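Residues per chain are reported as follows:
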Amino acid sequence: MSNLEILFSLVPRAVLDTCWMSAASSFFALFFGLPIGLLLYTTSSGNLFENAWINRPVSAIVDSIRAIPFIILAASIMPITRIVVGKAVGNEAMIFILSISAIPFYARMAELSFRNVEKDLIDTVYSMGATRFQTILEVALPEALPSLITGFTVAIIAIVAASATAGFIGAGGLGQLAISYGYQRYNPTVMTSIIFILIVLNVLIQWLGDRITRKFNHSR
Amino acid sequence: MKHFDKPLLELKNIQRLFSKTAVIDGVSFSVHREEVLGIIGRSGAGKSTLIRCINGLECIDSGQIFFETQNIAQLNDNDRRLIRRRIGMIFQNFNLLSSRRIIDNVALPLKLSGASKANRRRRALDLLDIVSLADKAAHYPVQLSGGQKQRVCIARALATNPSVLLSDEATSALDPETTQSILELLTKIKSHMGLTIILITHEMEIIRSIATRLIVLDQGRILEEGSVRDVFAQPKNETTKSLLQVILPTLPSTIAAKLNFIDGQDAIIEFHISGLEAHEPFLNKLEAETGMVARIIQGGIEYIQNEAIGRFFLAIKATDKQKLEKAYAWLAQHSDKSEIVGYV
């Protein structure tokens, strides 16, 4: 196959695979990471639902998962992947692994966003007679929103990068293509093209993330 | 001031500890309806902590707080929350929510208390009208100046129709002109709505222009308490005096440097006058009755709660001791305080 044939026959599918894996993993990172981040924030000392008995174990689990390099994590949780997804290779298995790795990452990012909400604002609504749930809903979430979106953008880009690494361990997508043509066969044309596509993808995600952040950010 | 009715708010022997040191140390006072109580003290005196104890932003370690004769400590969480809605608060840093439009910021306390959307909107617009910012309803806080933000903050604090307004250094971040306009707004609202205001500040100027009664706080204790007029006319405590110093006339430094305590051409007399005496042409009377003329070196008369309070440094010829003695005796008789501070 000529380089052009390779690019035209394999790249569209690879792009779709990468997008699908990244999108699904990002969704799970948000769906589970945001509540865990909120839990870490609200149960930390001096905050609304201060509770060391919840905060410390959750914090420890989050940090433990984050300490494991992605490839090692993928290998070590393979039995769990097999139970949850039914198989240990393929895109769906990778979505599970990517999610497990991204959830704690985004949880910490979200916690940081919540922490940056001024304590004075929390005090202010408290003095208005707000309940703790109202405080979260009416102040913590809307005030942290721009920062939560920025953090989510960073998380998506990290997930795209990790999904490329996942090409080594049986995932499809651009990563797998780059590894088999760029790393194993050293085909500079294909490799450069894939790098270019990855760059475009990241730039697009960042641009979109910044745009949405700006739309919700009224503080400047 | 209606001292005969029950106080709106009463604090009894409040103590607040920060790591075993008392920040508030046995403070008791009461506030009556439609009073403007100013709490003044240097930074670190415990003013902020004290005012935050009132609405529960700070918990107290001992003592009792009564709001309309209800002991706040004995209420359950829900009732305490209801009381908080009747105590509005404004802040030095405004604390507006950057994510909400001005109208939604003002309507927030109403949203928290479950008012309908239409009611919230109507009330918020009314309040913005009172603080003359109705045209900024759709703006975001970042688009407003400091003074405008404080007006929004005031409108928001009034949303739930509170009976008390707490002001935590509300004008400290504003320039003098804006400060004045905010104080005028507070005075206007106070008389229209029958509001009781408790304000803390480190500026005597604020107390002078708006407060009716004043508490001087130092190291968590009340040093002096009384009507603003009385404390201004005759401060008893050294800390009060030094807090007052900034707005009181002082002897010009060129004269102070030359001052000696034995003899000289002129005697420098510090002279305090208040009440009816201050409305008299006292220097003319001094001349008519003793034949001595006094020259004003520094000072003037100001009006606090509609009462004239004058403070002057006078210079009187000291070459003839007998005449000076006579003039001095006359001044002493017609003033709150007369004192020869020295000679030049």
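Bear in mind the structure is a predicted one, so any value in this text is a computation, not a measurement. Counting restarts for each chain, with residues numbered from 1 along the sequence as it is written. Throughout, the order in which chains and ligands are written sets their labels, letters from A for the former and numbers from 1 for the latter. Two thresholds apply to this predicted model, a pLDDT of at least 70 for residue-level local features and 80 or more for giving and counting side-chain atom pairs, whereas whole-chain, interface and lining totals are computed over all residues. With hydrogens and water excluded, all non-hydrogen atoms of the structure serve as input to the side-chain values.

Brief notes about the packing of aromatic side chains
All names here are of chain A. We apply this condition: Between the rings of Phe, Tyr and Trp (Trp by its six-membered ring), a pair exists once the centres lie within 6.5 Å; its type follows the angle of the planes, with under 30 degrees stacked, over 60 edge-to-face, and the other angles tilted. Residue burial is assigned from relative accessible area. The probe radius is 1.4 Å, only protein chains are included, and a residue is buried under 20% of its type maximum, exposed over 50%, and partly exposed in between.
Evaluated as defined, the whole model comprises 11 aromatic pairs over all chains. A ring pair is formed by phenylalanine 27 and phenylalanine 28, whose centres lie 5.4 Å apart and whose planes are at 65 degrees; its orientation type is edge-to-face. On the basis of relative accessibility, which here comes to 46%, the residue phenylalanine 27 falls in the partly exposed class. The class of phenylalanine 28 is partly exposed, set by a relative accessible area of 32%.

What about the pattern of salt bridges?
Selection rule: Within this document, salt bridges are pairs made up of a side-chain nitrogen of Lys or Arg and a carboxyl oxygen of Asp or Glu, the two lying within 4 Å of each other. Numbering of helices and strands starts at the N terminus; helices are DSSP runs of H or I of at least 4 residues and strands are runs of E of at least 2.
Considering all chains together, one arrives at 30 salt bridges over all chains under this definition. A salt bridge links arginine 108 of chain A to aspartate 63 of chain A; its shortest N-O distance comes to 3.0 Å. Taken as a pair, arginine 108 of chain A in helix α5 (residues 91-115) and aspartate 63 of chain A in helix α2 (residues 52-67) lie far apart in primary sequence, 45 residues in all. In this structure, the salt-bridge partner of arginine 295 of chain B is aspartate 266 of chain B, at a minimum N-O distance of 3.2 Å. Of the two residues, arginine 295 of chain B is situated in strand β12 (residues 294-304) and aspartate 266 of chain B in strand β11 (residues 266-274); the sequence distance between them amounts to 29 residues. For arginine 295 of chain B, a relative accessible area of 49% gives the class partly exposed. Among the residues examined, aspartate 266 of chain B registers a relative accessible area of 11% and is labelled buried. Each of Lys119 and Asp123 of chain A together with Arg16, Arg52, Glu58 and Asp61 of chain B takes part in salt bridges that share partners, so that together they form one network.

Observations concerning the interface of chain B and chain A
Short version of the rule: For this analysis, residues touch if any pair of their heavy atoms sits within 4.5 Å. Note on terms: buried area is the combined drop in 1.4 Å-probe accessible area of two parts once they are placed together, counting the loss on both. Side-chain atoms alone can form a polar contact between residues adjacent in sequence; in general such a contact is a pair of N or O atoms within 3.5 Å, and within protein one must be able to donate a hydrogen while the other accepts it. Each residue is assigned to one class: nonpolar for Ala, Val, Leu, Ile, Met, Phe, Trp, Tyr, Cys and Pro, charged for Asp, Glu, Lys and Arg, and polar for all the others, Gly among them.
Taken together, the contact between chain B and chain A spans 24 residues of the former and 19 residues of the latter. Where chain B abuts chain A, roughly 2,100 Å² becomes buried across the two surfaces, and 56% of that area is made up of carbon and sulfur atoms. Looking at the side of chain B facing chain A, the largest losses of area belong to Arg84, Asn95 and Leu112 of chain B, adding up to 27% of the total buried there. Seen at the junction of chain B and chain A, the total is three salt bridges. In this assembly, chain B and chain A are joined by 10 residue pairs in polar contact (both at pLDDT 80 or more). Elements that contribute at least two residues to the side of chain B that touches chain A include exactly α2 (77-84), β6 (87-91) and α3 (102-112) of chain B. Sorting elements by how many residues they give to the side of chain B that touches chain A places α3 of chain B first, with four residues. Residue composition of the side of chain B that touches chain A, grouped by class: 11 nonpolar, six polar and seven charged.

The values are spatial; any link to function lies outside them.
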